[in-house]
Amino acid sequence: MKLTLVDQVVLYAYLLGIVLFGLWFSRKNRSSRHFMDAGGALSGWVVGLSLFGTYLSSISFLANPGKSFDSNWSPFVFSLSLPIAALIAVTWFVPFYRRRKAVSAYAHLEERFGSWASNYAIGCYVITQTVRIGAILLLAGMAAEPILGVDIRIVILVLGIAVIVYTLAGGIEAVIWTDVVQSVVLTVGIVVAIVAILAGMPEGPKQVFEIAREAVDKHGQNKFSLGSFSFLLQDRTFWVVLVYGLVINLQNFGIDQTYVQRYATAKDEGAARRSVWLACWLYLPISALLFFIGTGLFAFYSVHPELVPDDFSGDRSFAHFIANELPTGVVGLLMAAMLAAAMSSVDSSLNSCATLICSDLAPRFSGGLIRDSGQQEESDRRILRGATILIGGIGILIALSLVGTDSILDTWWILAGIFGGGMLGLFLLGMLSHRIRGLHAAIGVVAGLFAIAWMSLSTMKESPLDQSLRLPFDSFLTIVFGTMVILLVGFLTAQVFPGRSDGDKDR
């Protein structure tokens, strides 16, 4: 399908408008510090909508409907852990970072355990976010290709470059305000899509629920099932997804630079707390609506099998519906919503990675050689620009290399668990006990990485491990067990070898 003139006007006007809107903030971006924290003057609702937009990436916008289309609502359990993680975040994490007045999420790790700890955390974060950029751009390309009639690689390149441009010019303030606009567009697009699906059912909206309840899989679960409630750790049960979601969401709110940097942009601690709750209570129902879209599409194409193409898949179902079943004008709106989902996450990752490279890594290599404040400011601005372009470019290359991957959501979740590397465990060691020193934390991290590597190899389809050496656990538990091992080994080591080790620093 090719876009009509009206749809093209809607889509391209949005893309041009959002880029120009982001560039408009370049007039306020007069210092490297403002590039990173927007002057610390933003309202809680603005920061909260930005956090919500970051959460609602194209991974959620396209992959969540794809999962419920192919199976059931089991992945929605991930979202159910959000309120628990948000409560912990506003109670401990937000006050912790606001007291420090630091724009970096990892500077305190160096003060607590030494430079190795912050280097490790920053490395894990940058790798994770760069891969995430690639996955997001890929999903956006998959959605746009059949609608625009343009090769997916061209879509990835154009979209990636557009985000790099306005992020480069406007800094974190441009990122946050464009996220606000894109969050509104996303929400409107989701509601419009649901109305269109329900309107397309021959027997009315109730037919969606009837078909979904009757579609029982081999485990006896229908399309609305949240998964098995058994306690088997080798299967992706309700409890496995819930625990995985809790660890990932705690990692997001507690040690993810994308989120921690948002806390610094809020005008005060109360605004930062409100932003977390707003993002939580917005994402929970919106993610449910996204899974409902997948279930609705399953029902829609069950009664309209003649509309299903040969290369149909869950990840492509929503994009196919938008391209072929929606009226003129609405197609452009939904296409804009999908691209908004991608852009609102990519820009956050770009700015956060650039901030870490400038604030944490670059000073170690300069060795204090730059003493003039004007020269330092110019150096910081060059680093921020260069890092933004570098990370964005690598993300684009990753997206291009991932073209043809089957299930993007599963792939991303597994990669997030591996590259997360138990960072949450290291952070919690520093927060929970003053007795934990650098040596104890280092031993814990090594043990955690060993556990993560072992579990990752165990869950591979073609694993190099002998069958007798494989751990019988679902891949979602990789980061969970990695975090637990770091905590357990760190605390035990502190009991066996108490006292200070060389290079340790007080809190």
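Residues numbered from 1 in each chain as written. Predicted model: local features only at pLDDT ≥ 70, side-chain atom pairs only at ≥ 80, totals over all residues. Heavy atoms only, no water.

Enquirer: So what's going on with the overall build of the protein chain? Residues and values would help.
Expert: Helix and strand counts for the protein chain come out as 20 helices and zero strands. Taken over the C-alpha trace, the protein chain has a radius of gyration of 23 Å; the compact-globule value for 507 residues is 23 Å, and the two agree within 12%. Principal axes of the C-alpha set define a box for the protein chain whose edges measure 70 × 60 × 40 Å. Burial statistics for the protein chain: of 507 residues in total, 57% are counted as buried. Accessible area for the protein chain stands at about 19,900 Å²; split by element, carbon and sulfur atoms hold 66% of it. Taking the average location of the 35 positive side-chain charges in the protein chain and that of its 36 negative ones, the two points are 10 Å from each other. (Helix = DSSP H or I, 4+ residues; strand = E, 2+ residues; numbered from the N terminus. Rg over C-alpha atoms; globule rule 2.2 N^0.38 Å. Buried < 20%, exposed > 50% of the residue type's maximum accessible area, 1.4 Å probe, protein only. Areas by Shrake-Rupley, 256 points an atom, 1.4 Å probe, with all protein chains shown as cover. Lys, Arg positive; Asp, Glu negative; His and termini not counted. Charge placed at Lys NZ, Arg CZ, Asp CG, Glu CD.)

Enquirer: Got a sec to walk through the packing of aromatic side chains? Specific residues and values, please.
Expert: Evaluation of the coordinates by the stated rule reveals 28 aromatic pairs. Centroid distance F300 to Y301: 5.1 Å. Interplanar angle 90 degrees. Geometry classified as edge-to-face. For the pair F300 and Y301, a shared accessibility class is recorded, and that class is buried. An aromatic cluster of at least three residues, connected via ring pairs, comprises W73, F76, F209, F224, F291 and F292. The ring of F298 carries the charged tip of K223 above its face, separated from the ring centre by 4.2 Å. Here R236 stacks its cationic end above the ring of F476, 3.6 Å away from the centre of that ring. (Phe/Tyr/Trp six-rings, centres within 6.5 Å; stacked < 30°, edge-to-face > 60°. Lys NZ or Arg CZ within 6 Å of the ring centre and 35° of its normal.)

Enquirer: Tell me about the confidence of the model for the protein chain, residues and numbers included.
Expert: On average, the protein chain scores 84 in pLDDT, and the residues at 70 or more come to 92%. Here residues 501–507 scores under 50 on pLDDT; set against residues more than four positions off or in separate chains, the count is 20 contacts. (pLDDT = per-residue confidence, 0-100. Contact = heavy atoms within 4.5 Å.)

Enquirer: Which residues make up helix α10 (residues 206–214), and what values do they have?
Expert: Restricting attention to buried positions, one finds in α10 the residues Q207, V208, I211 and A212. One side of α10 holds all its buried residues, which, seen down the axis, span an arc of 130 degrees. Exposed residues pointing more than 90 degrees away from the buried face of α10 are listed as K206 and E214. Contact partners of the buried residues in α10: α9 (152–199) and α13 (269–303). (Arc of directions from axis to C-beta.)

Enquirer: Got a sec to walk through the environment of L465? Specific residues and values, please.
Expert: Locating L465 in the fold gives a position in the loop between α19 (438–458) and α20 (477–496). It is 36 Å that separates the C-alpha atoms of L465 and V346, two residues lying 119 residues apart in sequence. Not counting chain neighbours up to four residues away, the residues in contact with L465 comprise W454, L457, S458 and R470.

Enquirer: Account for the packing of α9 against α13, with residues named and values stated.
Expert: Viewed as axis vectors pointing N to C, α9 and α13 meet at an angle of 30 degrees, and their least axial separation amounts to 10 Å. Here α13 runs roughly parallel to α9, going by the angle between their axes. Here α9 and α13 pass one another in a crossing that is left-handed. The segment α9 lies against α13, with T187, I190, A193, I194, I197 and L198 engaging I286, L289, L290, F292, I293, G296, L297 and F300. A breakdown of the residues in the contact of α9 with α13 according to their chemical character gives twelve nonpolar, two polar and no charged. (Axes fitted to C-alpha atoms, helices over the stretch in contact; angles between N-to-C directions. Parallel < 35°, antiparallel > 145°, perpendicular 65-115°, else oblique. Left-handed = near helix turned anticlockwise from the far one by under 90°. Nonpolar A, V, L, I, M, F, W, Y, C, P; charged D, E, K, R; others polar.)

Enquirer: Run through the nonpolar core, naming residues and quoting values.
Expert: One finds F61, Y106, F253, Y263, I293 and F318 to be the most contacted residues of the largest nonpolar core, which totals 158 residues. Per-element accounting of this core gives the leading share, 19 residues, to helix α8 (residues 115–148). In this view, F61 contacts L186, I190, L290, F318, L334, A337, M338 and A341; residues no more than four positions away in its chain are not counted. (Core = buried A, V, L, I, M, F, W, Y, C linked by side-chain atoms within 4.5 Å.)

Enquirer: Quick rundown of α13? Include the residues and the values.
Expert: Given a rise of 1.5 Å per residue, 35 residues ought to cover 51 Å, and the 52 Å separating the end C-alpha atoms of α13 matches this to within 8%. For α13, the side-chain oxygen to backbone nitrogen distance between the N-cap and G270 is 3.2 Å, and the N-cap itself is D268. (Expected span 1.5 Å × (residues − 1). Polar contact = N/O pair within 3.5 Å; in protein donor to acceptor, adjacent residues only side chain to side chain.)

Enquirer: An account of the state of the cysteines is requested, with residue identities and associated values reported.
Expert: In this structure the tally under the stated criterion is zero disulfides. Free cysteine C353: the closest other cysteine sulfur is in C124, separated by 12 Å. (Disulfide = S-S within 2.5 Å.)

Enquirer: An account of the pattern of salt bridges is requested, with residue identities and associated values reported.
Expert: All told, the structure shown has seven salt bridges when counted by the stated rule. Put simply, R273 and E269 hold a salt bridge, and the shortest N to O gap is 2.7 Å. Here R273 pairs with E269, and both are found in helix α13, just four residues apart, close to one helical turn. With a shortest N-O distance of 3.9 Å, R381 and E377 are connected by a salt bridge. Residue R381 and its partner E377 are located together in helix α16 (residues 373–401), separated by four residues, close to a single helical turn. (Salt bridge = Lys/Arg side-chain N within 4 Å of Asp/Glu carboxyl O.)

Enquirer: Give a description of the side chain of S74 that names residues and reports values.
Expert: Take S74: it is sitting in the loop between α4 (58–70) and α5 (77–80). A residue is classified by how much of its surface remains accessible, and S74, at 9% relative accessible area, is buried. If we ignore the near neighbours within four places in the chain, the residues touching S74 are S225, L226, G227, R236 and V241.

Enquirer: Break down a nonpolar patch on the surface for me, citing the residues and quoting the values.
Expert: Residues I154, L157, V158, I161 and V165 make up a contiguous nonpolar surface patch of about 420 Å² in total accessible area. Note on I154: relative accessible area 45%, which makes it partly exposed. (Patch = residues over 30% accessible without salt bridge, like charges linked within 9 Å, V, L, I, M, F, W, Y side chains within 5 Å.)

Enquirer: Before we move on, can you summarise the environment of Q207 with the specific residues and values?
Expert: Residue placement: Q207 occurs in helix α10. On the basis of relative accessibility, which here comes to 8%, the residue Q207 falls in the buried class. At a separation of 3.0 Å, a polar atom in the side chain of Q207 contacts the main-chain amide nitrogen of E203.

Enquirer: Report on unusual backbone geometry, specifying residues and quantitative values.
Expert: For A38, which is not a glycine, the phi torsion comes out positive at approximately 55 degrees. With respect to the helices and strands, the residue A38 is situated in the loop between α2 (32–37) and α3 (44–55). Judged by relative accessible area, which is 5%, A38 ranks as buried.

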